[in-house]
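Given next are the chains, with one letter for each unit.
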Amino acid sequence: MAKIDHSRRNARDRMARQGSDSVVDFGLPAGMTPPKPRKSKASLRAEASEAVASITRLVRCPCGHSGKVAVTPAMTGRRFRCSKCGEAIE
């Protein structure tokens, strides 16, 4: 009885099931877009820190108090009120 090489058979089955041709070789079918390259963790961290910096604002009260405020897009343009003295802050 002959030995069966299961790894070769599995590879053959996988190629038949999933295909072995590169998308780049034949071009993409109409309406499809190529896969996007994945961003590195460093660039994702930089984007996250920029986003946090853009929504965090240091506000100062006319009486001298100050504090950091997270400004969401819904809160843009609103006036804040000082929690210590109650004065309106621009």
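The model shown is predicted, which means the values in this text are computed figures rather than measured ones.

Caption draft 1: Quick peek at the overall build of the protein. Per the secondary structure count, the protein includes three helices and four strands. Ordered by position from the N terminus, the helices and strands of the protein form the series α-α-α-β-β-β-β. Buried residues in the protein amount to 8% of all 90 residues. In the protein, the proportion of contacts linking residues at least 24 apart, taken out of those at least 6 apart, comes to 17%. As displayed, the protein offers around 8,400 Å² of accessible surface, 55% of which is attributable to carbon and sulfur atoms.

Caption draft 2: Molecular detail of the layout of surface pockets. Reported here for the largest pocket is a volume of approximately 160 Å³. Taken together, 13 residues form the lining of the largest pocket, with Ser 66, Gly 67, Cys 82, Ser 83 and Ile 89 sitting closest to its centre. Those elements that provide at least two residues to the lining of the largest pocket are strand 1 (56-60), strand 2 (66-70) and strand 3 (80-81). For the lining of the largest pocket, a count of residues per class yields six nonpolar, four polar and three charged.

The rules we used
Numbering of residues starts from 1 in every chain and runs along the sequence as written. Local features are withheld for residues below a pLDDT of 70 in this predicted model, meaning they are given only at 70 or higher, and side-chain atom pairs are given and counted only at 80 or more; totals for whole chains, interfaces and linings count all residues. Side-chain figures throughout are based on the complete set of non-hydrogen atoms in the structure, without hydrogens or water. Starting at the N terminus, helices and strands are each numbered in turn, a helix being any DSSP run of H or I of at least four residues and a strand any DSSP run of E of at least two. A 1.4 Å probe rolled over the protein chains alone gives each residue an accessible area, and that area as a share of the maximum for its type sets the label: buried under 20%, exposed over 50%, partly exposed in between. Pairs of residues are marked as contacts when any of their non-hydrogen atoms sit within 4.5 Å. Working definition of accessibility: Shrake-Rupley area with a 1.4 Å probe, residue cover restricted to the visible protein chains. In this analysis the probe radius is 1.4 Å and the grid spacing 1 Å, with only protein atoms considered; a cavity is a set of points the probe fits into but cannot get out of, a pocket is an open set with protein on both sides within 12 Å along at least five of seven lines, and lining residues have an atom within 4 Å of a point. Grid points are joined across faces, edges and corners, and a volume is the space filled by probe spheres set on the points. Polar here means any residue other than Ala, Val, Leu, Ile, Met, Phe, Trp, Tyr, Cys and Pro, which are nonpolar, and Asp, Glu, Lys and Arg, which are charged; Gly is therefore polar.

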